[in-house]
Amino acid sequence: MPILNTHPERHLVERIGWLRAAVLGANDGIVSTASLIVGVAAAASGRGEILLAGVAGLVAGAMSMAAGEYVSVSSQADTEAADLARERAELAASPAFEQSELASIYVQRGLDEALAGQVAEQLMAKDPIGAHARDELSITHVTTARPVQAALTSAATFTAGAALPLLAAWLLPSGPAMITGVASASLVFLALLGAVGAKVGGAPIAKATLRVAFWGALAMAITAGIGRLVGAAV
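Residues numbered from 1 in each chain as written. Predicted model: local features only at pLDDT ≥ 70, side-chain atom pairs only at ≥ 80, totals over all residues. Heavy atoms only, no water.

Looking at an unreviewed UniProt entry, one finds the chain named VIT family protein, with Sphingomonas sinipercae as its source organism. Looking at the Subcellular location (unreviewed entry) heading of the UniProt record, one finds this comment for the chain: "Endomembrane system". (UniProt positions renumbered as here; feature names shortened; annotations may be inferred.)

Here you go:
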């Protein structure tokens, strides 16, 4: 009897690849640029120097995020490719052993040995490398590394995030007003980012909002304190 799918489902975990890179990029853009502006402003620098530092931080940060994400996710992709190549070789050399190994995985998950053997046999007949990638190596279409996607997403969202405190600094006069204004605006931006990220990912909004805002506030406070100390020393 065929199995009918009467209510198609779309699980939010499918978004995890680009969502992680997007939230990381935007959060880093807001926090690092706001912290840089607040730190430089606390050192009593001129308005032009503060804005120049903010622009330099935006450009350098976007390039760094793109390169860092590409390199790190490429390392993951290389590891996945090596594991899959090793698995293909093992399947070619010892198909019976690999089928037994697959069946043992299903037994550990709760199937009896007879049913586990039947499931392993049918999956091996249809797509042996796919079955082993999914059930032995935990590599699926959701978790597969995508270096270019991660790099572009992080760079774009970093730029968007960094532009927000930079815009606030451009609109405000230098001095305490800029420090307070940039810090306050950045906390609002971070709270919105946490809420949007949680909403897109289906997570609790309040928890994510508080978490993002807290760590952003801590980073800006520490940077402002260091900037004030360095400014006083110089």
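There's more to say after this.
Moving on, we come to the environment of Glu121. Inspection of the secondary structure puts Glu121 in helix 4 (residues 113-126). Under the relative-accessibility criterion, Glu121 is labelled partly exposed at 48%. Remark: the alpha-carbon pair of Glu121 and Ala103, spanning 18 residues in sequence, is separated by 8.2 Å. (Helix = DSSP H or I, 4+ residues; strand = E, 2+ residues; numbered from the N terminus. Buried < 20%, exposed > 50% of the residue type's maximum accessible area, 1.4 Å probe, protein only.)

According to the stated counting rule, one finds three salt bridges in the structure shown. Arg109 serves as the salt-bridge partner of Asp135, at 3.1 Å between the closest nitrogen and oxygen. Remark: Arg109 occurs in the loop between helix 3 (95-108) and helix 4 and Asp135 occurs in helix 5 (residues 128-135); sequence separation between them is 26 residues. The buried category is assigned to Asp135, whose relative accessible area is 12%. Given a relative accessible area of 55%, Arg109 falls into the exposed group. (Salt bridge = Lys/Arg side-chain N within 4 Å of Asp/Glu carboxyl O.)

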